[in-house]
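So the chains spell out like this:
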Amino acid sequence: MSEYWDIYNKKGKKKNKVIKKGKILKSGEYHLVVEGWIRCAENKFLLQKRSANKKLFPDMWYCSVGGSVHAQEEPLEALIRETREELSLDISKAPIKLKRIIIEGHTIFYIYLIDKKVNIDELVLQKEEVSAVMIADVEDMQRLIKQGKMVYLKYYDRFFSSVEKIKYLG
């Protein structure tokens, strides 16, 4: 089944245009992507290892869940859908906070914090997307980044320092 995206302007306003995934976006066109960080205990996060067949960051540790927002879908709906698809985990009733909106290239990223206790042995991974999961704290993530085993994005430092100050609600 083909995936379609709504197109937005730089301010996040929908342009009443839909394109098929993989089509090149023109100047001034953006699509939405969600990234979710599942905090499963105080300062402990679920990480996913991306599948070896992924074009971006294959075999790298990354945030808990993420993906493109489909046409006719809101970012929060996409986050819930992606979490069900990639991890077979229902976060629909979990405390979810939108922490950041970042524009990079032709993409507007919605970055979320989700507080939910997780038993990784109960997760069913979508093998096309995720090859493994683990629970890690910020120091573990910093070590993985230094070893070249985890994706590092510019927003991480500010994101994690702000998350430290938010009470865990899981």
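Just above sits the structure.
A short tour of the structure in this document, coming up. (Residues numbered from 1 in each chain as written. Predicted model: local features only at pLDDT ≥ 70, side-chain atom pairs only at ≥ 80, totals over all residues. Heavy atoms only, no water.)

**As for the pattern of salt bridges**
How we decide: Each reported salt bridge corresponds to a side-chain nitrogen of Lys or Arg within 4 Å of a carboxyl oxygen of Asp or Glu. Strands here mean DSSP runs of E at least two residues long; helices mean DSSP runs of H or I at least four residues long; both are numbered from the N terminus. Only protein chains enter the accessibility calculation, which uses a 1.4 Å probe. A residue is then buried if its area is under 20% of the maximum for its type, exposed if over 50%, and partly exposed in between.
The tally for this structure, following the rule as stated, stands at 10 salt bridges. For Lys17, the salt bridge is made with Glu29, and the minimal N-O distance between the two is 2.7 Å. Here Lys17 is found in strand E2 (residues 14-20), whereas its partner Glu29 is found in the loop between E2 and strand E3 (31-41), with 12 residues between them in sequence. For Glu29, a relative accessible area of 6% puts it in the buried group. Arg84 is paired through a salt bridge with Asp90; the nearest N and O atoms lie 3.2 Å apart. Relative accessible area serves as the criterion here: at 45%, Arg84 is assigned to the partly exposed category. Using a relative accessible area of 38% as the deciding quantity, one classes Asp90 as partly exposed. The network of salt bridges with shared partners includes Glu73, Arg81, Glu82 and Glu85.

**Considering unusual backbone geometry**
Despite not being glycine, Phe57 shows a phi value in the positive range, around 55 degrees. Topologically, Phe57 is positioned in the loop between strand E4 (44-50) and strand E5 (61-62).

**Observations regarding empty space enclosed by the protein**
So the rule is basically this: A cavity, in this analysis, means grid points on a 1 Å lattice covering only the protein atoms where a 1.4 Å probe fits yet has no way out; a pocket is instead an open set bounded by protein on both sides within 12 Å along at least five of seven lines, and a residue lines either one if it has an atom within 4 Å of a point. Grid points are joined across faces, edges and corners, and a volume is the space filled by probe spheres set on the points. Charged means Asp, Glu, Lys or Arg here, nonpolar means Ala, Val, Leu, Ile, Met, Phe, Trp, Tyr, Cys or Pro, and polar covers whatever is left, Gly included.
Applying the stated criterion to the full structure yields one cavity of 30 Å³ or more. Volume-wise, the largest cavity comes out at about 30 Å³. In terms of lining residues, the largest cavity is bounded by Arg39, Pro95, Ile96, Lys97, Leu113, Asp115, Ile166 and Leu169. Contributing elements (two or more residues each) for the lining of the largest cavity: strand E7 (96-104) and strand E8 (107-115). A per-class count over the lining of the largest cavity returns five nonpolar, no polar and three charged.

**Regarding the environment of Asn9**
Definition in use: Any two residues having at least one pair of non-hydrogen atoms within 4.5 Å are treated as being in contact.
Within the secondary structure, Asn9 is located in the loop between strand E1 (4-8) and E2. Along the chain, Asn9 and Gly28 lie 19 residues apart, while their C-alpha atoms are 5.9 Å from each other. If we skip the residues at most four places from it in the chain, Asn9 touches Lys15, Gly28, Tyr30 and Ile108.

**Here we look at the pairing of E3**
Rule in force here: One requirement defines pairing of two strands: DSSP has to find at least two bridges between them.
In terms of burial, E3 is a largely internal element, 10 of the 11 residues being buried. Inspection of the sheet shows E3 paired to E8 by nine bridges, in the parallel sense. Opposite Gly36, over in E8, you have Tyr112 as the bridge partner. As judged from the three bridges shared by E3 and E4, these two strands associate in the antiparallel manner. Directly across from Ala41, in E4, lies its bridge partner Lys44.

That is the geometry; function is a separate question.
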